[in-house]
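# Coordinate inspection notes
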Amino acid sequence: MSEDFFKKLPKVELHAHINGSISESTMHQLVEGKQITYNPASLKFKKGETGTLKEVFKLFKQIHEVTNNEKALYKVTYDVIHEFAEENVKYIELRTTPREELSTGMTKTSYIETVLKAIRDCAKENLDIIVKLILAIDRRQTLQVAMDTVQLAVKYREESKGVVVGIDLSGDPNVGNADVFIPAFKEAQKHGLKLALHLAEVPAPEETMTLLQEIIPDRIGHGTCLQPDAGGTRDIVQFVESHKIPLELCLSSNIINMTVPGYDNHHFKFWYDLNHPCVICTDDKGVFSTSLTEEYSVAADTFQLSREQVWELSYNSINSIFSDDNTKQLLRDKWKTLKDNVQNH
Ligand code: 6MZ
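Notes on the structure in this doc start here. (Residues numbered from 1 in each chain as written. Predicted model: local features only at pLDDT ≥ 70, side-chain atom pairs only at ≥ 80, totals over all residues. Heavy atoms only, no water.)

## Some remarks on the overall build of the protein chain
Condition: Helix numbering and strand numbering both begin at the N terminus, where a helix is a DSSP run of H or I of at least 4 residues and a strand a DSSP run of E of at least 2. Only the protein chains shown count as covering a residue, and every accessible area follows the Shrake-Rupley method with a 1.4 Å probe. The positive count covers Lys and Arg only, the negative count covers Asp and Glu only, and His and the chain ends enter neither. Where a charge lies is defined by one atom per residue type: Lys uses NZ, Arg uses CZ, Asp uses CG and Glu uses CD.
The helix and strand inventory of the protein chain stands at 14 helices and 8 strands. Its C-alpha atoms put the protein chain at 50 × 45 × 40 Å along the principal axes. As presented, the protein chain carries roughly 14,500 Å² of accessible surface, and 49% of it is formed by carbon and sulfur atoms. Side chains of the protein chain give 39 positive and 50 negative charges; the mean places of these two sets differ by 4 Å.

## Observations concerning the packing of helix 5 (residues 108–124) against helix 6 (residues 143–159)
The test is simple: Axes here refer to lines fitted to C-alpha atoms; in helices the fit is confined to the stretch in contact. Angles between the N-to-C directions go from 0 to 180 degrees. Our angle categories are set so that under 35 degrees counts as roughly parallel, over 145 as roughly antiparallel, 65 to 115 as roughly perpendicular, and the remainder as oblique. Left-handed describes a crossing in which the near helix is turned anticlockwise from the far one by less than a right angle; the clockwise case is right-handed. In what follows, residue pairs with any heavy atoms lying within 4.5 Å of each other are defined as contacts. Only Asp, Glu, Lys and Arg are considered charged, only Ala, Val, Leu, Ile, Met, Phe, Trp, Tyr, Cys and Pro nonpolar, and every remaining residue, Gly among them, polar.
As a packed pair, helix 5 and helix 6 sit with axes 12 Å apart at the nearest point and diverge in direction by 40°. Here helix 5 is positioned oblique relative to helix 6, judged by the angle of their axes. Crossing handedness for the pair helix 5 and helix 6: right-handed. In this structure, helix 5 uses K108, T109, I112, E113 and L116 to contact helix 6, whose residues at the interface are V145, L152 and Y156. A class-by-class count of the residues in the contact of helix 5 with helix 6 yields 5 nonpolar, 1 polar and 2 charged.

## Quick look at the packing of helix 4 (residues 70–86) against helix 5
Contact geometry for helix 4 and helix 5: axes closest at 9 Å, N-to-C directions at 35°. Like other packed secondary-structure pairs, helix 4 and helix 5 cross with a definite hand, here right-handed. For the pair formed by helix 4 and helix 5, the contact residues are E70, L73, Y74, T77, Y78, I81 and H82 on the first element and S110, Y111, T114, V115, K117, A118, I119, D121 and C122 on the second. Tallied by class, the residues present in the contact of helix 4 with helix 5 amount to 9 nonpolar, 4 polar and 3 charged.

## Quick word on the pairing of strand 2 (residues 89–96)
For the record, the criterion: Buried residues are those whose accessible area, probed at 1.4 Å on protein chains only, stays under 20% of the maximum for their type, while exposed residues exceed 50% and partly exposed ones sit between those limits. Two strands are said to pair when DSSP picks up at least two bridges between them. Here is how to tell: hold the view so the strands point away, follow the path from the first strand over the helix to the second, and if it runs clockwise the crossover is right-handed.
Extensive coverage of strand 2 is indicated by the burial of 8 of its 8 residues. Relative to strand 2, strand 1 (residues 11–17) runs parallel, the two being bridged by 5 bridges. Each residue of the ladder has a partner; that of E13, found in strand 2, is I92. Sheet analysis places strand 2 next to strand 3 (residues 130–138), joined by 6 bridges and oriented parallel. By the bridge assignment for strand 3, Y91 is matched with I130. Chirality of the crossover, the property in question, places the unit of strand 2, helix 5 and strand 3 among those that are right-handed.

Take a look at the structure:
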């Protein structure tokens, strides 16, 4: 299959952290002329490089210094949307952690409003992409901060007329215990917000089972260590399978940060063979030097998927989006219209 096929393939992206998705070109423009001493090329893993999760999270700290004001955040969000649209992503749920920066006066409110403004401005340009937003809770935060994020999500879902769709749990999986956020997740569910939780990015069977049973999330991010041979349990697998909780799978991210030893060993195969809903995603296309096009291509190469299977993988991702049935139907119709043209590549 040609690269052109993967690029032309209409795609859905459901796991993309805004500050992890910054292209090198955008980063260059942000760093240029600033007091910051980083070389933009050092804020990402080059092809073939690997690093520990600790190193990955150090990079985020540095990236956050670059995007510590509304102007930078606007540019990043605007550029990221254009870049995904350029590679034929037709629907994306971006996620980001609302942040306040005392040094620049950025508040959580101005942070969210800036991201929403960039999304609105892209919509005005009639790009062929629907953009939604998920607000993230960082595992390092307190329950009170998490509760505030849920309140902000409720408020901005109304104000944005449905652009904000849910809550994410992310952050360094080796830090803290996610159980403490259960009241915040319940509050989010009470308000009809969807939940996309990073679960078992590293082995954590007790935490994983508790969250699954208490919350039943709408999607699982990574789910690297759900299976018994990766540090999970059969009960966890059975729970996820019987509840058909879709998995957001980010192949290169897991390989680069060494939570999976190689593409061949990726848990995509385990779940795909079970016919479980799997959505291919990028995670942090900037930090991991990838694109959704490349992730589909590497999944197809590694697991010898046919053109039809790749198409189905992308088409079935529509089932897992956090939007209403009308949007799902609109996307399914779009996929059908594009099919002949794409399959000929
Ligand atoms: C867990 C991750 C992540 O929110 O500032 N993030 N959390 N595992 C991962 N796998 C590598 N990649 C990114 O984007 C950056 C933030 O997203 C989360 C981390 O909390 C990181 O600080 P935003 O837009």
